[in-house]
Amino acid sequence: MKKYALSLCLLVLSTSLVTSQSFAAGPAPCEDMLKDVRAAKATAKLNEADKAQVDQLEAKGVERCNADDDKRADEFFAQALKLLGK
């Protein structure tokens, strides 16, 4: 019985370690990247075409962020930041 209990404890421990590592390597919270985009927009000097593109990427990112799709939201925000020179 002790071997069974020890094996069960080791299984639970190893599963929780793998699970916590999986979540730790996930995408950055989209709200953090959105703050970065908005801060960069406040000081950026963009032409109208680039401004429109950044606004569109921000809107798409907010839509995905609201849908709890942080990975896709972060991709849109990263594209916006690139256009903003960040």
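Calculation notes
- Residues numbered from 1 in each chain as written.
- Predicted model: local features only at pLDDT ≥ 70, side-chain atom pairs only at ≥ 80, totals over all residues.
- Heavy atoms only, no water.
- Salt bridge = Lys/Arg side-chain N within 4 Å of Asp/Glu carboxyl O.
- Helix = DSSP H or I, 4+ residues; strand = E, 2+ residues; numbered from the N terminus.
- Buried < 20%, exposed > 50% of the residue type's maximum accessible area, 1.4 Å probe, protein only.
- Contact = heavy atoms within 4.5 Å.
- Expected span 1.5 Å × (residues − 1).
- Polar contact = N/O pair within 3.5 Å; in protein donor to acceptor, adjacent residues only side chain to side chain.
- Axes fitted to C-alpha atoms, helices over the stretch in contact; angles between N-to-C directions.
- Parallel < 35°, antiparallel > 145°, perpendicular 65-115°, else oblique.
- Left-handed = near helix turned anticlockwise from the far one by under 90°.
- Nonpolar A, V, L, I, M, F, W, Y, C, P; charged D, E, K, R; others polar.

Caption draft 1: A look at the pattern of salt bridges. Taken as a whole and judged by the stated rule, the model has seven salt bridges. The salt bridge partner of Lys 51 is Asp 55, with a shortest N-O separation of 3.1 Å. Of this pair, Lys 51 and Asp 55 both sit in helix α3 (residues 48-66), four residues apart, which is roughly one turn of the helix. For Lys 51, a relative accessible area of 40% corresponds to the partly exposed category. Here Asp 69 ties to Arg 64 by a salt bridge, and the two come within 3.2 Å at their closest N and O atoms.

Caption draft 2: The arrangement of the environment of Leu 46 in detail. Relative to the assigned elements, Leu 46 resides in the loop between α2 (30-43) and α3. Residue class for Leu 46 comes out partly exposed when judged on its relative accessible area of 28%. Each C-alpha atom of the pair Leu 46 and Leu 84 lies 7.7 Å from the other, and the pair is 38 residues apart in sequence. The residues contacting Leu 46, other than those within four sequence positions of it, are Lys 51, Val 54, Leu 83 and Leu 84.

Caption draft 3: The environment of Lys 35, seen in detail. Tracing the backbone shows Lys 35 in helix α2. Since its relative accessible area comes to 57%, Lys 35 is described here as exposed. A C-alpha to C-alpha distance of 9.7 Å links Lys 35 and Phe 77, two positions 42 residues apart in sequence.

Caption draft 4: Quick peek at the side chain of Glu 58. Position of Glu 58 among the secondary structure elements: in helix α3. Residue class for Glu 58 comes out buried when judged on its relative accessible area of 9%. For Glu 58, the contacting residues outside a window of four places in its chain are Leu 34, Arg 38, Lys 41 and Phe 77.

Caption draft 5: Local environment of α3. For α3, built from 19 residues, the straight-helix expectation of 27 Å at 1.5 Å per residue is met to within 8% by its first-to-last C-alpha distance of 27 Å. With a side-chain oxygen lying 3.1 Å from the backbone nitrogen of Ala 49, the N-terminal cap of α3 falls on Asn 47. Immediately beyond the C-terminal end of α3, within one or two residues, lies Asp 68, with a positive phi of roughly 60 degrees.

Caption draft 6: Structural context of the packing of α2 against helix α4 (residues 70-83). Running from N to C, α2 and α4 cross one another at 15 degrees; their axes reach a closest spacing of 9 Å. As far as their axial angle goes, α4 and α2 are roughly parallel. Here α2 and α4 pass one another in a crossing that is left-handed. Contact residues: α2 offers Cys 30, Met 33, Leu 34, Asp 36, Val 37 and Ala 40, while α4 offers Asp 70, Ala 73, Asp 74, Phe 77, Ala 78, Ala 80 and Leu 81. Looking at the contact of α2 with α4, its residues break down into 10 nonpolar, no polar and three charged.

This is a description of form; function is not addressed.
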